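# Summary of structural features
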Amino acid sequence: KEFQLGKPVRRARLYATARGVYELYINGNRVGNDVLAPGWTDYDRRIQYQTYDVTPLLAEGQNALGAVLGDGWFAGFVGFDPKHRGAHYGARPQLLAQLNVEYEDGTTESLATEGSWRCSTGPILFSDLLMGESYDARREMPGWAEPGFDDSQWYGVEAEEIEDTNLVAQPDEGIRVTEELEAKTVTEPESGRYVFDLGRNMVGWVRLKVEGEAGTKVTLRHAEALKPEGTIYTENLRSARQTDTYILKGEGEEVYEPRFTFHGFRYVEVTGYPGEPQPDAITGRVVHSATPPSGSFECSSSLVNKLQENIVWGQRGNFLSVPTDCPQRDERLGWTADIQVFAPTASFLFNAAGFLTNWLSDLAVAQQKDGSVPFVIP
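All of the points below concern the structure found in this document. (Residues numbered from 1 in each chain as written. Predicted model: local features only at pLDDT ≥ 70, side-chain atom pairs only at ≥ 80, totals over all residues. Heavy atoms only, no water.)

What follows covers the overall build of the protein. Scanning the protein from terminus to terminus reveals four helices and 25 strands. On C-alpha atoms alone, the protein measures out to a radius of gyration of 22 Å, which is about the 21 Å that the 2.2 N^0.38 rule sets for 378 residues. The C-alpha extent of the protein, read off along each of the three principal axes, is 65 × 60 × 40 Å. Counting over 378 residues, the protein shows a buried share of 46%. Counting only carbon and sulfur atoms, one obtains 48% of the accessible surface of the protein, whose full area is about 17,900 Å². Seen as two clouds, the 35 positive and the 55 negative side-chain charges of the protein have centres 2 Å apart. (Helix = DSSP H or I, 4+ residues; strand = E, 2+ residues; numbered from the N terminus. Rg over C-alpha atoms; globule rule 2.2 N^0.38 Å. Buried < 20%, exposed > 50% of the residue type's maximum accessible area, 1.4 Å probe, protein only. Areas by Shrake-Rupley, 256 points an atom, 1.4 Å probe, with all protein chains shown as cover. Lys, Arg positive; Asp, Glu negative; His and termini not counted. Charge placed at Lys NZ, Arg CZ, Asp CG, Glu CD.)

Encoded structure:
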């Protein structure tokens, strides 16, 4: 959506949410550093929104506001043994956003999502939290979120009234990339099948660096363990594919990382890579709800210290919008008993007040008349 700002801007706030997951751009610049926003809530009862100070991104004159939408928890596979995409909430993602501008002279203006927006599919061919993402760099559209972009081949949008949707401000820190892990080793257990070892079990995705001819397809499969012969072990994933694919555009070194998926893994199998990849071709991007560290523990036993380190990484990997039971197979659900047992430890290690406040709000709205709650929340 392009729009005109006729006067110098004093301050501007952008409020946004989605049924699904989203990224926002103003004049080609990424808004904020959240990933997988707005997170997972009981969409029928409450949807949280994010607030961003976008004052530095706006300019007097012509501006453009853009968003990339993915299925996420709303319209993708959710829960163990999934049968249908969108079976739990809805069939397709939706965006809701409002830009409030205050000019230097004290006047204000508001721009909200409505029926005049334009939309298109792009290089993301498929994206799902459990299954992975497929990206064709040849379909990229440079400048798509900047003023003056030619959207004549794009489509109109369908606008719906939000009616009585309960919008709530996000109480926690949101989901972010918090750390990077370098590959420790690269092996080739089978010809053309390279296995990168990131040295520890992590949750998130990887950044791929590659150079080759246009149309070359590189496949990334993620796993927590190896078989004796050195290939990846994926039987524990059940129906979750945890597979990302990238199709090169053929313009020198290309860098790719997915937007709307996450994986639990230590090992990454790379096939289709042009040439022999070096260890820096893959970088792990650690992703979780960014609860600030608040406590630590260390003792004279290296074994206990390793256990403590594993607990910290287990929490980081399973505090991803909701407190999940696992981050890799086709489940990843907010089991109520798991967090009930773990909450004291979680609150010692990290400041989880905002995170747990958000999740307990969903527990409250899901409570039955007899006081019972479902096994999983949402």
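An ideal rise of 1.5 Å per residue puts 20 Å on 14 residues; helix H4 (residues 353-366) measures up with 20 Å between its terminal C-alpha atoms. All buried positions along H4 are accounted for by Gly354, Phe355, Leu356, Asn358, Trp359, Asp362, Leu363 and Ala366. (Expected span 1.5 Å × (residues − 1).)

One side chain can pair with another of opposite charge once the charged atoms of both are near each other. Applying the stated criterion to the full structure yields 29 salt bridges. Between Asp53 and Arg13 there is a salt bridge; the shortest N-O distance is 3.2 Å. Of this pair, Asp53 sits in strand E5 (residues 47-53) while Arg13 is found in strand E2 (residues 9-19), placing the two residues 40 residues apart along the sequence. Taking the relative accessible area as the measure of exposure, Arg13 reaches 29% and is therefore partly exposed. Arg238 is the partner of Glu331 in a salt bridge, and the nearest nitrogen-oxygen pair spans 3.4 Å. Of the two residues, Glu331 sits in the loop between strand E25 (322-323) and helix H3 (336-349) while Arg238 sits in the loop between strand E19 (232-233) and strand E20 (243-247), which places them 93 residues apart along the sequence. Given a relative accessible area of 7%, Glu331 falls into the buried group. Taking relative accessible area as the criterion, Arg238 reaches 45% and is therefore assigned partly exposed. Overlapping salt bridges, with partners in common, bring together Arg10, Arg11, Glu102 and Glu104 in one network. (Salt bridge = Lys/Arg side-chain N within 4 Å of Asp/Glu carboxyl O.)

A separate point is helix H2 (residues 302-318). With 17 residues, H2 ought to run about 24 Å at 1.5 Å a step, and its terminal C-alpha atoms sit 24 Å apart, in line with that. Turning to H2, its buried residues number three or more, namely Gln308, Trp313, Gln315, Arg316, Gly317 and Asn318. Close packing links the buried residues of H2 with strand E14 (175-182), strand E16 (193-210), strand E23 (282-289), strand E24 (319-320), E25 and H3. (Contact = heavy atoms within 4.5 Å.)

Let's shift gears to the packing of H3 against H4. Taken N-terminus to C-terminus, the directions of H3 and H4 make an angle of 155°; their axes are 13 Å apart at the nearest point. With respect to H4, the axis of H3 lies roughly antiparallel. Handedness of the H3/H4 crossing: left-handed. Here Thr336, Ile339 and Ser347 of H3 come into contact with H4, specifically with Leu356, Trp359 and Leu363. A per-class count over the contact of H3 with H4 returns four nonpolar, two polar and no charged. (Axes fitted to C-alpha atoms, helices over the stretch in contact; angles between N-to-C directions. Parallel < 35°, antiparallel > 145°, perpendicular 65-115°, else oblique. Left-handed = near helix turned anticlockwise from the far one by under 90°. Nonpolar A, V, L, I, M, F, W, Y, C, P; charged D, E, K, R; others polar.)

What follows is about the side chain of Glu133. Note that Glu133 resides in strand E11 (residues 132-136). Although Glu133 is buried, it makes no salt bridge; Arg259 carries the closest opposite charge, 5.7 Å away. Of the polar contacts made by the side chain of Glu133, one reaches the backbone nitrogen of Arg259; its length is 3.2 Å. The residues touching Glu133, leaving out its near neighbours within four places in the chain, are Ile124, Phe126, Ser127, Thr243, Asp244, Thr245, Tyr256, Pro258, Arg259, Phe260 and Thr261. (Polar contact = N/O pair within 3.5 Å; in protein donor to acceptor, adjacent residues only side chain to side chain.)

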